[in-house]
Amino acid sequence: MKEGRLQKRNAFGNQCKKPAGLTSLQLLEAGSRMNRIHQGPVETLTAEVQGVRRRKNPTEMDTVGSEDREHTSSLERWDKTSDNAVEKVLPQDPLKWFGVLVPQSLRQAQQSFKQAIPVSVELASLQVQLHDAQDLYSHLLEKKQQLLLSKNRGRDVPSSD
Amino acid sequence: MPFSEFTFNVDSGYLEGLVRGFKGGILKRTDYVNLVQCDTLEDLKLHLQSTDYGSFLANEASPLTVSVIDDKLKEKMVVEFSHMRNHAYEPLAGFLDFITYSYMIDNVILLITGTLHQRAISELVPKCHPLGSFEQMEAVNIAQTPAELYNAILVDTPLAPFFQDCISEQDLDEMNIEIIRNTLYKAYLESFFNICNQLGGTTAEMMCPILEFEADRRAIIITINSFGTELSKEDRAKLFPRCGKLHPEGLAQLARADDYEQVKNVADYYPDYKQLFEGVGSNPGEKTLEDRFFEHEVKLNILAFLNQFHFGVFYSYVKLKEQECRNIVWIAECIAQRHRAKIDNYIPIF
């Protein structure tokens, strides 16, 4: 019956596929122009990152900066209406689709999948952080070049007198 | 009846010859080696053409999917079985009908579950196993409780005697449906065992070990799968079929078991089952317990063909064809999903 086929499929669930973001992370490392990352500027980015995290988990309420307050209020309204729907949907364990007495390998597959989700979320947010840090670094590098150029021009002018 | 071999061929000789011919067409190891090397499902179809299956997929629209292959494989087996059933006299006819009752139980449970989740009956009937079809299938969605279901519909089907233990006024929900399924199967297995014993002779000699193993395997699997669910130990004990080697002490111990280690200790008292538990794990490269059970079942079913003039060959043929179908579907899934790491996990038969 169908159960036989499903049982066999469980083996695939145990090996999680590489998230797509991993390949672009590797590209970042290979093509990196930065040697050092300043810790300071990165912290201001975490507010945006938290914004990313919040959009993925609408039920968590973090207090953030004023520009994000509009975000939160609209999210709150959406949450209140969808909370009831979410509460009804959440207790339905997909494992029940396969009956009550399911093989242990299917349970293990579900556990492995649950463990893989926070890992992939963390990877995505780390990737965003790295990207922002890289942008900031290149921006600051340009600024430094400009400052150096204008400083040299300033030094040249008196010497031409 | 002594010397029943002398009169067996009068009624069932043609059919035994036919089933042995079908058995000769079951895929061998070399066929599986060829199938495993296929890269696409079209290759698989080509290789299957050179076996007994012939061009059974010739009229299917491309692209080929694994579910289409599965359905066609089943259809071929059902055609062969129906031919044999149509030509059978009693008592072989009753025996063959008994083989179909397990598929009927699966179909009834599928229909009830589908109705519970508000699926249309026209969607569910094509998903039923064709060997287990009965006339009242379309009417199953009318009932709301098991009692109503029984009184209105199932009392006219051959499954009626199996419902003695599981009529209850509780509403149908997932837990109860599972309990109904396993109670029905228990009643079915025990009465199949009694019928084989009544038939006596070589049939009893060949069928009873197979059915005992089936009963014990179900008891062990139910126990292991019930860890972590809301099934209580008393309820669990009521689901164990009692026609196996584990009855009564093994079943009592299984009913008390709390984790996998305790189940393993119970199985250690029985040398056949102790062997099956060795080397079992869920790491890649190790077989699961269900795989070991399937292997043992295949071994027992092959033994049935070594003896003549008994009905066990028909049961074993159906089970071996089912295993072959599972093997081909496993290989086809590995190919279709391009995940070939475990493609060798099929169970070779001959």
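- Looking at an unreviewed UniProt entry, one finds chain B named V-type proton ATPase subunit, with Eptatretus burgeri as its source organism.
- Taken verbatim from the UniProt record of chain B, the Subunit (unreviewed entry) comment is "V-ATPase is a heteromultimeric enzyme made up of two complexes: the ATP-hydrolytic V1 complex and the proton translocation V0 complex."

- An unreviewed UniProt entry lists chain A under the name Vacuolar ATPase assembly protein VMA22, from Eptatretus burgeri.

### Describing the pattern of salt bridges
All names here are of chain B.
- Considering all chains together, one arrives at 18 salt bridges over all chains under this definition.
- For the salt bridge of Glu80 with Lys76, the shortest nitrogen-to-oxygen distance reads 3.1 Å. Within this pair, Glu80 and its partner Lys76 are both found in helix H4 (residues 66–86), separated by four residues, close to a single helical turn.
- Salt bridges linked by common partners bring Glu60, Lys72 and Glu75 together as one network.

### Observations concerning unusual backbone geometry
Residue and element names in this part refer to chain B.
- Note that the residue after Glu90, namely Pro91, is joined by a cis bond; omega there is -5 degrees.
- Along the chain, Pro91 falls in the loop between H4 and helix H5 (92–116).
- For the bond running from His247 to Pro248, omega is -5 degrees, close enough to zero to count as cis.
- Here Gln118, not a glycine, exhibits a phi torsion of approximately 55 degrees, which is positive.

### As for a nonpolar patch on the surface
- Among the surface-exposed residues, Phe113, Ile117 and Val121 of chain A lie close enough to one another that they form a single nonpolar patch of about 270 Å² accessible area.
- Mapped onto the fold, Ile117 of chain A is located in helix H5 (residues 104–159).

### Looking at the side chain of Ser226 of chain B
- You can see Ser226 of chain B is positioned in the loop between helix H9 (201–225) and helix H10 (233–238).
- Side chain to side chain, Ser226 of chain B and Arg236 of chain B meet in a polar contact 3.2 Å long.
- The contact partners of Ser226 of chain B, leaving out residues within four places of it in the chain, are Leu101 of chain A together with Leu231 and Arg236 of chain B.

### Some thoughts on the confidence of the model for chain B
Residues and elements named next belong to chain B.
- Per-chain confidence: chain B averages 88 in pLDDT, with 96% of residues scoring 70 or above.
- Mean pLDDT across the secondary structure elements of chain B bottoms out at helix H7 (residues 146–152), with 72, and peaks at helix H15 (residues 312–336), with 95.
- Interface predicted TM-score (ipTM) for the complex: 0.74; the corresponding pTM is 0.75.

### Some remarks on the nonpolar core
- Among the nonpolar cores identified, the biggest contains 122 residues, and Leu44, Phe192, Ile220, Leu254, Phe314 and Ile331 of chain B are the most heavily contacted of them.
- When sequence neighbours within four positions are dropped, the list of residues in contact with Leu44 of chain B reads Leu35, Cys38, Ile69, Ile328, Ile331, Ala332 and Ile335 of chain B.

Conventions used here
- All residue numbers refer to positions counted from 1 along the written sequence of the respective chain.
- Labels are handed out in written order, letters beginning with A for the chains and numbers beginning with 1 for the ligands.
- Confidence filtering applies because this is a predicted model: local features only for residues at pLDDT of at least 70, side-chain atom pairs given and counted only at 80 or more, and all residues used for totals across whole chains, interfaces and linings.
- Values reported for side chains reflect all heavy atoms of the structure, with hydrogen atoms and water molecules removed beforehand.
- UniProt positions are given in the numbering used here, feature names are shortened, and annotations may be inferred rather than shown by experiment.
- Salt bridges are defined as contacts in which a side-chain nitrogen from Lys or Arg sits within 4 Å of a carboxyl oxygen from Asp or Glu.
- Secondary structure elements are defined from DSSP: runs of H or I of at least 4 residues count as helices, runs of E of at least 2 residues count as strands, and each element is numbered from the N terminus.
- Here a patch means residues that are over 30% exposed by relative accessible area and free of salt bridges, tied together within 9 Å if like-charged and within 5 Å if nonpolar (Val, Leu, Ile, Met, Phe, Trp, Tyr).
- All accessibility values rest on the Shrake-Rupley procedure with a 1.4 Å probe; residue burial counts only the protein chains present in the view.
- Whenever two N or O atoms come within 3.5 Å, that pair is a polar contact, provided that in protein one can donate a hydrogen and the other can accept it, and provided that, for residues adjacent in sequence, both atoms are side-chain atoms.
- Contacts were defined at the residue level, with two residues in contact if any of their heavy atoms lie within 4.5 Å.
- A residue's pLDDT is simply how confident the predictor is in it, with values from 0 to 100.
- To define a nonpolar core, start from buried Ala, Val, Leu, Ile, Met, Phe, Trp, Tyr and Cys residues and group those joined through side-chain atoms within 4.5 Å.
- Three labels apply to residues, based on accessible area from a 1.4 Å probe with only protein chains included: buried if under 20% of the type maximum, exposed if over 50%, partly exposed otherwise in between.

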